[in-house]
Amino acid sequence: MAKLLTILKREYAQIVKKKSFIIMTLLTPAMMAAFMVVPALFATRDVAGGEAVAILDRDTLGIGEALAEELTEYTTETTGQPAFRIAPVITLPPADSAGYRRIRDSLVQAIRNERVKYLIEIFPEAPLSDTNLLLVTNSDNFKSAARFEHRLTRVLSRIRLEQANVNLPVDSILALTRRVELHSQDTKGESIPTEIKLYAGFIFVLLIYMMIVIHGTALMRSVIEEKSNRIVEVLVSSVTPFQLMAGKIVGMGASSLTQVAIWIAVGLGIMAYSGSLGVDLNSPAARVAFDPLIVLAFTLFFVVGYLFYSVYFAFIGSIVNSDKESQNFLWPVVLCLMIPVIFATAVIQDPNATWIRVLSFLPPFAPTMMVLRVVFIAPTVTGLSLMSNIALEALVSLIILILTTVAAIWLTARVFRVGILMYGKRPTLPEIARWVRHA
Amino acid sequence: MHLRLENVTKRFDGRVAVDRLSLEVPPGVIFGVIGPNGAGKTTTIRMILNIIAPDEGQVYFNDRPVDGSFRDRVGYLPEERGLYKKMTLREVIVYMAELKGYPRRRAEAELGAWLERMELASYLDRKVEELSKGMAQKLQFVTTILHKPEFVILDELFSGLDPLNVELIKNILLELKRSGTTILFSTHVMEQAEKLCDHICMISHGKKVLDGTISDIKSRFGHNSVRINFAGDASFIRSLPGVRAMTEFTNYVELDLDGTVTPPSLLREIAGRVEISRFEVMEPSLYDIFIDLARVDPSEVRPAGGRSDG
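Thresholds, definitions, all that
- Counting restarts for each chain: residues are numbered from 1 in the order of the written sequence.
- To label them, take the chains in the order written and letter them from A, then take the ligands in the order written and number them from 1.
- Where totals are concerned, whole chains, interfaces and linings use all residues; where local detail is concerned, this predicted model gives features only for residues with pLDDT of at least 70, and gives and counts side-chain atom pairs only at 80 or more.
- Computation of side-chain values: all heavy atoms of the structure, hydrogens and water removed.
- Runs of E in the DSSP output that reach at least two residues are strands. Runs of H or I that reach at least four are helices, and both are numbered from the N terminus.
- When we talk radius of gyration, it's over C-alpha atoms, and the globule rule is simply 2.2 Å times the number of residues to the 0.38.
- Burial status follows relative accessibility: with a 1.4 Å probe on protein chains alone, a residue under 20% of its type maximum counts as buried, one over 50% as exposed, and anything between as partly exposed.
- Contacts are assigned to residue pairs that have any heavy atoms within 4.5 Å of one another.
- Counted charges follow a simple rule, with Lys and Arg positive, Asp and Glu negative, and His plus the chain ends left uncounted.
- To locate a charge, the coordinates of NZ of Lys, CZ of Arg, CG of Asp or CD of Glu are taken.
- Each patch groups residues whose relative accessible area exceeds 30% and which form no salt bridge, using 9 Å between like charges and 5 Å between nonpolar side chains of Val, Leu, Ile, Met, Phe, Trp and Tyr.
- With residues, only the protein chains shown are counted as cover, and all accessible areas are computed by Shrake-Rupley using a 1.4 Å probe.
- In the sections that follow, a salt bridge refers to a side-chain nitrogen of Lys or Arg positioned within 4 Å of a carboxyl oxygen of Asp or Glu.
- Should DSSP find at least two bridges between two strands, the strands are taken to pair.
- Buriedness for pockets is judged along seven lines, at least five of which must meet protein on both sides within 12 Å for an open set on the 1 Å grid over protein atoms alone, while cavities are sets there where a 1.4 Å probe fits but cannot get out, and lining residues have an atom within 4 Å of a point.
- Grid points are joined across faces, edges and corners, and a volume is the space filled by probe spheres set on the points.
- For this scheme, ten residues count as nonpolar: Ala, Val, Leu, Ile, Met, Phe, Trp, Tyr, Cys and Pro. Four count as charged, namely Asp, Glu, Lys and Arg, and the remainder, Gly too, count as polar.
- The term buried area refers to how much accessible surface (probe radius 1.4 Å) is lost by two components on association, counted for both of them together.
- Any pair of N or O atoms that falls within 3.5 Å is considered a polar contact. Within protein, one atom must be able to donate a hydrogen and the other to accept it, and sequence-neighbouring residues count only if both atoms are side-chain atoms.
- Angles run from 0 to 180 degrees between N-to-C directions of axes, and those axes are lines fitted to C-alpha atoms, restricted for helices to the stretch in contact.
- Here, the term nonpolar core denotes a set of buried Ala, Val, Leu, Ile, Met, Phe, Trp, Tyr and Cys residues that are joined through side-chain atoms within 4.5 Å.
- The cut-offs work like this: below 35 degrees is roughly parallel, past 145 is roughly antiparallel, 65 to 115 is roughly perpendicular, and the gaps in between are oblique.
- Delimitation of the domains relies on an automatic or database domain assignment.
- It is the rotation of the near helix from the far one that decides the hand of a crossing: anticlockwise by less than a right angle makes it left-handed, clockwise makes it right-handed.

**Section: the overall build of chain A**
Of regular secondary structure, chain A possesses 19 helices and four strands. Computed over the C-alpha atoms, the radius of gyration of chain A is 30 Å, more than 25% above the 22 Å expected from 2.2 N^0.38 for a compact globule of 439 residues. Referenced to the eigenvectors of the C-alpha coordinate spread, the extents of chain A come out at roughly 100 × 50 × 40 Å. Split into buried and exposed, the 439 residues of chain A put 49% on the buried side. Sequence-distant contacts, at least 24 apart, represent 75% of the contacts inside chain A between residues at least 6 apart. A gap of 15 Å separates the mean positions of the 39 positive and 34 negative side-chain charges of chain A.

Listed below in C-alpha cells is the structure:
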C-alpha cells in the first residue's frame, strides 16, 4: 500500500507539473465563461444597423416596396434597433432581361463581398404562383428566412385579395387571418434555447473527451517510457505489476480530479459572488451550467470514464514498443467518445430514443452519451433533478461502467505483467488470451 | 541471504530458456553466473526476483520459497539500463529507495555520500537526461544498493564503464561483500568473473555446465596442459603414457594430458632425455574452460562438472 502511494504520488506530481495540465485547468473555466457570454454576443450581433437585404422586383405591383416597408417593423430583441437594412429595392420591367442579368450579377457579387446579406428576388407575375420567389444568401438563418416568408405571404395575400374583389375590406381580412407566433417552453415552464443546450452538451462532452484522451495518452506514454527505458525491470523487482498499474492509473485519476475540483470551486465562487460579478444565475446558460444533476453526472462520468479508458491505455502501453506504434490504437477511443457529438442533433431531438438510450448504457459510449442526455434532459425536469428518471438512468449506467472497469482492471493486470517485460514483437490476440488464462 | 534454485525450468513458446537449473549461492560471496548471450541468465535472474514464475522447480531464499516478501531485501541492476530522464538525480534515488520500502528521510540523508563517491555530487539537482552514459550507469548502481539490500543482483554490471569506474565499483562490491552482502554477478565476460568472483556457475543453452569455486574449477580443469621448451629430439614424448595429444612448435611443444599422469612425474620422465629450458603447467582461463565445455553437449559434461543434484 505504501508503495502504491509512492507510485501514485510520483505520477500525480509528474502530471500536475506539466504545462498542458495547467493550460487545461485554466482553459476550461475560460470556456465556461465564454459559454455564458457567447449567447449575449449572438444577440448583439444583430445591432450594427441590421442585416442588409436587397430586393430585386421584376413584377409591376410594387411587391418589393411593400415588403421593404413590412421588414422595417422588425427590431432586435436587445436594443430595439431595426433588424434589417434595406439595401436597395430595385424594380425592373419584366421584359428587361438584359438589365436583370446585369443587376442580378452585381447583387450576387455584393453578397459574395458580404456587403449585402440577402437578395430577395421577385419574379414576374409573382402573385400567380407560390414559387415565383427566391432568396439568395450564403448564410442560412432560419429566423430571418421565416420572417421573409411571413411578410411576403402578407404582401402577396393583400394583392390577391384586392384582385379577387371580395366584399370585405382587405385590411380586416388580413387582420383576421394574420399569422400566429408560437413560442415554446419546456414542462418546467422555461424556455432554454436549443442552441444553449447543444452548446453546453458539446462543452461537457468535449471536456470529457479531451481529458480522457490527453491523460490517457500521457498514461500510455509513461508505460511506454518505462518499458523502452527498461526502468520497468527494476520496478517489477520492487513492486507488483498490479501496484504499478494501479498506482499510475489512480495517480493520473487524482490529477484529473484535482482539475475538476478546481473547476467546481471556480463555479461555486461564481455562484457565491454572482451579484458582484454581474452573472445572471437565471439565464438559460447558467441554469444549464449550474444544474446539480449535470454537474454531478459530469464529474462522476468524467472520473469513472477516465478510469475505464485508462485501463485500455495502460493495456496498449504494455503491449506496444513505441509511441508511434501506440497511435494506431487511439482511434477506437476517439470514435466511441465522439459518437454522441456526431449524432448530437439526433440526440437533442429525442434524447430518449431507444438506440440513444442503449448507447448511453454501454460502457465505451456512456461517459459522453449519458452526459449529453443529462445535459439535454435535466434542465427540463420539474422538482429536484437528482430524483428524476434521468438521474436514475445515469446512476444505473454509472454502476455498469464501474463494474466493467473493475473487470477490465482485473483482466488487464494479467496482460500488463507479461506485456511490460516483452520487447520487440507485439503480441497477437491469441497470445494475449493465453496470458490472461495462465496468469 | 542464502539462495537456492532447485530444478528450475522455464519455457517460452515451447523453447526451453532455462533447463532444470539447480544452484546454491551461499551467503556473503560474490557469485558469478557466466555464459554467452542468450544462455538464460536474465531469465534465471527474473525467476530469482519473482518477476516471472518457473514452469517447474522452485527458488528458495533462506530455505523459504521465494515470494514478494523478499523484494525489499534485494537490489537489482538489470542489463538494460534506464531511469526516468526527466527526474533529477535526487528524485530518482529517493523514489527508487522508497519503492524498496526504504524510509525517504534516510534515503535523502545518505544519497549525498554516495553521489560524492561516484563523483556525481554536482549533478544532484540536475536531470538524469543530462548525464553521460557512464554517469547514468553509476547512478543506477547507487539506486541498486542504497537501500542496503542483503542480496544484490548485477546483470552485466561493467558493460560500458571505463577502467577507472570499473575499479571504483569493484572496490564498492568488495566492501559490500565484507559487510556480508551476497552478490550475484552475471556476465558474459569471463575475465571479469575470474577476477571478482568466489564462486562461478556456467550456463549454456539454459543448462548448467559447471559450477564451483574458482580454485576448485581451476584445479579440476587446470592441470591437463603443459608447455615445454627444450633442445633435442622430443618425438618420444608423444607416445608416453598419459599424453593425449602433442602440438609441436619450433621451440616448444604443448602437451594435452589425460589425467593419468601428473606434471611432476611427467617432468621426471623426460628430464633426462632432452634438455629442458622451460617447463610450464598452463592454467587455462575460465574462458578456455568454458569454450571447452560448451562445445560439447552440456548434458555429457554435467556429471563431471560440479554438483549434479538434479
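This is not the end of the story, as more comes after the structure.
**Description of a nonpolar patch on the surface**
Together, Leu392(A), Leu395(A), Val396(A), Ile399(A), Ile400(A) and Leu403(A) give the surface a local cluster of nonpolar side chains, amounting to about 520 Å² of exposed area. With respect to the secondary-structure elements, Leu403(A) resides in helix 18 (residues 389-419).

**Considerations on unusual backbone geometry**
Of note, Glu114(A) is a non-glycine position whose phi angle comes to about 65 degrees, a positive value. Along the chain, Glu114(A) falls in the loop between helix 4 (97-112) and strand 3 (118-122).

**Side note on the pairing of strand 1 (residues 51-57) of chain A**
Two faces, one strand: in a regular strand the side chains alternate between the faces of the sheet. All names here are of chain A. Most of strand 1 sits inside the fold, with seven of its seven residues counted as buried. With burial as the criterion, each face of strand 1 is covered, one bearing Glu51, Val53, Ile55 and Asp57 and the other bearing Ala52, Ala54 and Leu56. Examined bridge by bridge, strand 1 and strand 2 (residues 84-91) share six bridges and lie parallel to one another. Looking across to strand 2, one finds that Asp57 is bridged to Thr91.

**Brief notes about the layout of surface pockets**
Considered as a void within the structure, the second largest pocket measures approximately 1600 Å³ in volume. As for the second largest pocket, its lining consists of 48 residues, and the residues nearest its centre are Met422(A), Lys10(B), Phe12(B), Arg46(B) and Ile52(B). Put simply, the parts of the chain that give the lining of the second largest pocket at least two residues each are helix 8 (231-238), helix 9 (241-272), helix 18 and helix 19 (429-438) of chain A together with strand 1 (3-12), strand 2 (15-25) and helix 1 (41-48) of chain B. Looking at side-chain class alone, the lining of the second largest pocket contains 20 nonpolar, 10 polar and 18 charged residues.

**As for the interface of chain A and chain B**
Contacts between the two partners involve 24 residues from chain A, matched on the other side by 23 residues from chain B. Taken together, the two surfaces of chain A and chain B that pack against each other cover about 2200 Å², and 53% of this comes from carbon and sulfur. Summed over the shared surface of chain A and chain B, the result is four salt bridges. Lys3(A) is the partner of Asp72(B) in a salt bridge, and the nearest nitrogen-oxygen pair spans 2.5 Å. At the surface where chain A touches chain B, the tally comes to 10 residue pairs in polar contact (both at pLDDT 80 or more). Those elements giving two or more residues to the side of chain A that touches chain B turn out to be helix 1 (2-16), helix 7 (194-228), helix 8 and helix 19 of chain A. Take the side of chain A that touches chain B: its biggest share by element is seven residues, from helix 8 of chain A. Class assignment for the residues of the side of chain A that touches chain B results in eight nonpolar, six polar and 10 charged.

**As for the sheet that holds strand 6 (residues 74-77) of chain B**
Residue and element names in this part refer to chain B. Within the open sheet, the six strands sit side by side as 6-7-8-3-9-10. Their pairing is mixed. Each edge of the sheet is formed by a strand with only one pairing partner; in this case those strands are strand 6 and strand 10 (207-213). If you compare each strand with its neighbour and ignore which way they point, the axes differ by 15 degrees on average. Relative to strand 8 (residues 182-187), strand 7 (residues 151-155) runs parallel, the two being bridged by five bridges. In the sheet register, Asp155 faces strand 8, and the bridge partner there is Ser186. Across the sheet, helix 4 (residues 133-145) lies against strand 6 and strand 7, angled at about 165 degrees from strand 6, the strand it touches most.

**Describing the nonpolar core**
Of all hydrophobic cores here, the largest spans 182 residues; its most connected members are Leu173(B) and Leu184(B). Once you skip the residues sitting within four places of it in the chain, Leu184(B) turns out to touch Leu3(B), Val25(B), Phe31(B), Val33(B), Ile45(B), Ile48(B), Phe151(B), Val152(B), Ile153(B) and Leu154(B). Core analysis: the second largest hydrophobic core is formed by 18 residues, Ile55(A), Ala68(A), Leu71(A) and Ile120(A) among them.

**Some thoughts on the environment of Leu244(A)**
All names here are of chain A. With respect to the helices, strands and loops of the structure, Leu244 is situated in helix 9. What makes Leu244 buried here is its relative accessible area of 1%. Not counting the four nearest positions on each side in its chain, Leu244 is found in contact with Ile7, Glu226, Val232, Leu235, Val239, Phe416 and Ile420.

**Comments concerning the environment of Lys208(B)**
Residues and elements named next belong to chain B. Mapped onto the secondary structure, Lys208 falls in strand 10. The spacing of Lys208 and Ser22 is 186 residues in sequence and 7.7 Å in space, taken between C-alpha atoms. A distance of 2.6 Å separates a polar side-chain atom of Lys208 from the backbone oxygen of Ser22. Of note is the side chain of Lys208, whose polar atom sits 2.9 Å from the side chain of Asp211.

**Examining the packing of helix 16 (residues 354-361) of chain A against helix 18 of chain A**
Residues and elements named next belong to chain A. At a minimum axis separation of 8 Å, helix 16 and helix 18 run at an interaxial angle of 45 degrees. Overall, the two elements helix 16 and helix 18 adopt an arrangement that is oblique. Every residue of helix 18 that contacts helix 16 at Arg357, Ser360 and Phe361 is listed here: Glu393, Val396, Ser397 and Ile400. A per-class count over the contact of helix 16 with helix 18 returns three nonpolar, two polar and two charged.

**Focus on the domain arrangement of chain B**
Domain boundaries assigned for chain B yield domain 1 (3-217) and domain 2 (223-282). For domain 1 of chain B versus domain 2 of chain B, the separation of C-alpha centres amounts to 44 Å.

**Considering the side chain of Thr181(B)**
Along the polypeptide, Thr181(B) turns up in the loop between helix 5 (163-178) and strand 8. Setting aside anything within four residues of it in sequence, one finds Thr181(B) in contact with Gly28(B), Val29(B), Pro149(B), Glu150(B), Phe151(B), Val152(B) and Leu176(B).

**Notes on the pairing of strand 12 (residues 243-248) of chain B**
Residue and element names in this part refer to chain B. Pairing between strand 12 and strand 13 (residues 252-257): five bridges, direction antiparallel. The residue bridging Val243 from the neighbouring strand is Leu257, located in strand 13. The turn linking strand 12 back onto strand 13 is made up of three residues.

**Some points on the packing of helix 14 (residues 331-342) of chain A against helix 17 (residues 366-377) of chain A**
Residues and elements named next belong to chain A. Closest axis-to-axis distance for the helix 14/helix 17 pair is 8 Å, and the angle between their directions is 15 degrees. Viewed along their axes, helix 14 and helix 17 adopt a mutual orientation that is roughly parallel. At the point where helix 14 passes helix 17, the crossing takes the right-handed sense. For the pair formed by helix 14 and helix 17, the contact residues are Cys336, Leu337 and Pro340 on the first element and Pro367, Thr368, Met369 and Leu372 on the second. Split by residue class, the contact of helix 14 with helix 17 holds six nonpolar, one polar and no charged.

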